[in-house]
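# Chain and residue survey
Given next are the chains, with one letter for each unit.
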Amino acid sequence: MSEREQSPVELRQRISELETVLEVGREITSTLDVDRIMDLVLDACMGAVNAEAGTLWILEDAHLLPLAVRGPKADRLKGLKLKQGEGLAGQVCENREPVFVEDVTRDERWAKRFDDATGFITRSMLVVPLFTDDISVGSLQMINKLDSSLFNESDLRISTDLAAVSAKIIVNSRIHTQQRLLLDTTVRMLASVLDARDPYTRGHSERVSKHALLIAGELGLSPEEQGVIERAALLHDIGKIAIPEEVLLDANPLDAKAWEQINKHPSLGANILFQLEPKTLIRQLWAGTLYHHERYDGNGYPVGLAGEDIPLVARIIAVANAFDNLVSQQRFGPSKGIEEALEEIELCAGTYFDPKVVEVFVNSTRARRTGVAR
Ligand SMILES: [Fe+2]
């Protein structure tokens, strides 16, 4: 056997290492929650290398923060931090080279103050860097093998693989968060442009958004989904910015031709939103805008979808929009009182609106009005 060939035992070990990495990779790619990703990676790595304690250090604002910590004195470590480049964890993050330490007391790079602060006794250590595409993310530190042996090459390979996978996912997750913040800003800006242009609907987008969020919460949607519904509702009439001013601002009753133009606003709005990126984040905004004038019985526009073929976001916005139109100052008629508006919406359950959406909205709005604790 040449020096470069691996024995069957070594191959089996490598396959087992890769299986662990794949399993953890599958689990962490199913979440965008960075805290959860860090906990999963640290637990998996400690299990695989049989470590007594471990820390996942993340680089933020020129400091390394122990954002995931496990071990007998873990709680005492959570509030501490290293300066960039400080200690073994800091140097590994900086140099992007892993480090084995058989006896930390003989290594001057070791930040002893952490053992002093926690009362934990560190003997041996394996630290690997977290980085991807030239971006340093942090370092993964394994401490003391439970069987008192030393960390070995297999431990190094599996820690390095797990660190590489998690670094990529942490960076992607940060990009996703930034994209969402950017999209939020764009959504609010577009909504304010619409409100500024059309005095009849000033404040309408905000109020519809508030009612839609209430419905989404009552339907038990997740906080993430509630946020999407809230943003979609803010933009539901965005297509009106593409309607000519003489039609949009005409104080006289509209003729058939003008209505035809107004009724294009769902499609016009969807076309505007479809130009935003990333598509995965704007899909629901687009659906809310395009379908918010569809009717549950299929007699709406622009497509004529019916029942649950209409995306839930649009069924929610339809009720929220109708309620605000009824209770707010109307373009061509007096506004209604809240109870009168709720009754009118109830009458339209099953024809205009999804009965379940109507039920939760009407019940929760009445309960709030009468001060019933929910
Ligand atoms: Fe509309």
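Residues numbered from 1 in each chain as written. Predicted model: local features only at pLDDT ≥ 70, side-chain atom pairs only at ≥ 80, totals over all residues.

### Considering the overall build of the protein
Where we set the bar: Under the DSSP-based scheme used, a helix requires at least four consecutive residues in state H or I and a strand at least two consecutive residues in state E, with every element numbered from the N terminus. The size measure is the radius of gyration over C-alpha atoms, and the globule rule it meets is 2.2 Å times the number of residues to the 0.38 power. With C-beta atoms placed from the backbone, a residue counts as buried when 20 or more other C-beta atoms lie within 10 Å of its own, as exposed when 12 or fewer do, and as partly exposed for counts between those limits.
Of regular secondary structure, the protein possesses 15 helices and six strands. Its C-alpha atoms give the protein a radius of gyration of 29 Å, clearly above 21 Å, the size a compact globule of 374 residues would have. Its C-alpha atoms give the protein principal-axis dimensions of roughly 85 × 50 × 35 Å. Counting the 374 residues in the protein, one finds 36% classified as buried.

### Side note on the sheet that holds strand β6 (residues 135-145)
Note the cut-off: We call two strands paired when DSSP finds no fewer than two bridges between them. It is the C-beta atoms, placed from the backbone, that decide contacts: two residues are in contact if theirs lie within 7 Å. To get an axis, fit a line to the C-alpha atoms, keeping to the stretch in contact for a helix; angles then go from 0 to 180 degrees between the N-to-C directions.
In space, the six strands of this open sheet follow the order β3-β2-β1-β6-β5-β4, with antiparallel pairing throughout. Unpaired on one side and paired on the other, β3 (82-83) and β4 (99-101) mark the two borders of the sheet. In the sheet, strand β5 (residues 125-132) pairs with β6 via eight bridges, with the strands oriented antiparallel. Considered in β6, the bridge of Phe131 is made with Ser136. Along the sheet face, helix α2 (residues 34-49) touches β1 (51-60), β2 (63-70), β5 and β6 and points at about 145° away from the line of β1.

### Observations concerning the pairing of β5
Here β5 lies mainly inside the structure; seven of its eight residues are buried. Both β4 and β5 contribute to a ladder of three bridges, which runs antiparallel. For Val101, the partnering residue across the bridge sits in β5 and is Met125. Taking the residues between adjacent antiparallel strands as the criterion, β5 and β6 are bridged by two residues, where Asp133 takes a positive phi near 45°.

### Observations concerning the domain arrangement of the protein
It is common to report an interface's size as the accessible area lost on association of the parts. Test applied: Each domain's extent is set by a domain assignment, obtained either automatically or from a database.
What the domain assignment lists for the protein is domain 1 (8-174) and domain 2 (198-369). The centre of domain 1, based on its C-alpha atoms, is set 49 Å off from the matching centre of domain 2.

### Points about the packing of helix α13 (residues 312-327) against helix α15 (residues 355-369)
Formally: We call two directions roughly parallel when the angle between them is under 35 degrees, roughly antiparallel when it is over 145, roughly perpendicular when it lies between 65 and 115, and oblique otherwise. Two helices that cross are described as forming a left-handed crossing if the nearer one is turned anticlockwise from the farther one by less than a right angle, and a right-handed crossing if clockwise. Under the convention adopted here, Pro, Cys and the residues Ala, Val, Leu, Ile, Met, Phe, Trp and Tyr are nonpolar, Asp, Glu, Lys and Arg are charged, and Gly plus all remaining residues are polar.
Closest axis-to-axis distance for the α13/α15 pair is 10 Å, and the angle between their directions is 45°. The pairing of α13 with α15 is recorded here as oblique in orientation. Crossing geometry of α13 relative to α15 is assigned as right-handed. Note on element contacts: α15 touches α13 through Val357, Val358 and Phe361, opposite Arg315, Ile316 and Val319. Classifying every residue of the contact of α13 with α15 by side-chain character gives five nonpolar, no polar and one charged.

### Some points on the packing of α13 against helix α14 (residues 338-347)
Running from N to C, α13 and α14 point in directions that differ by 140°, and their axes come no closer than 9 Å. In terms of their interaxial angle, α13 and α14 are classed as oblique. Note that α13 runs across α14; the crossing there is right-handed. Residues Val319, Ala322, Phe323, Leu326 and Val327 of α13 form the contact with α14, whose participating residues are Ile338, Ala341, Glu344 and Ile345. The residue inventory of the contact of α13 with α14, partitioned by class, reads eight nonpolar, no polar and one charged.

### Here we look at the pairing of β1
Counting buried residues in β1 gives eight out of 10 residues, a clear majority hidden from the surface. Note: β1 against β6, seven bridges, orientation antiparallel. Considered in β6, the bridge of Thr55 is made with Gln141. The pairing of β1 with β2 spans seven bridges and is antiparallel. Its bridge partner being in β2, Leu59 is matched across the sheet by Leu64.

### Considerations on the environment of Leu56
With respect to the element layout, Leu56 can be found in strand β1. Classification of Leu56 by C-beta neighbours within 10 Å gives buried; the count is 26. Filtering out sequence-adjacent residues up to four positions away, Leu56 remains in contact with Met38, Val41, Leu42, Leu67, Ala68, Gly138 and Leu140.

### Description of the nonpolar core
One recurring pattern in soluble globular proteins: nonpolar side chains tend to sit buried together. What counts, and what does not: Take the buried Ala, Val, Leu, Ile, Met, Phe, Trp, Tyr and Cys residues, join any whose C-beta atoms are within 7 Å, and the set you get is a nonpolar core.
Counting residues in hydrophobic clusters, the biggest one holds 46 residues, and the most contacted among them are Val41, Cys45, Val49, Met142 and Leu162. Elements with a minimum of two residues in this core: α1 (8-29), α2, β1, β2, α4 (87-95), β5, β6 and α6 (153-197). At 11 residues, α2 tops the list of elements feeding residues into this core. The contact partners of Cys45, leaving out residues within four places of it in the chain, are Gly54, Leu140, Met142, Ser159 and Leu162.

### Some details on α15
Note the following rule: Expected helix span is taken as 1.5 Å per residue step, with the number of steps being one fewer than the number of residues. To obtain the arc, one takes the directions from the helix axis to the C-beta atoms.
The terminal C-alpha atoms of α15 lie 21 Å apart, and with 15 residues this matches the ideal 21 Å at 1.5 Å per residue to within 8%. By the burial criterion, the buried members of α15 are Val357, Val358, Phe361 and Thr365. Seen along its axis, α15 keeps its buried residues to an arc of 100°; they face one direction. If you follow the buried residues of α15, they end up packed against α7 (204-218), α13 and α14. One or two steps after α15, the chain reaches Gly371, where phi turns positive at roughly 75°.

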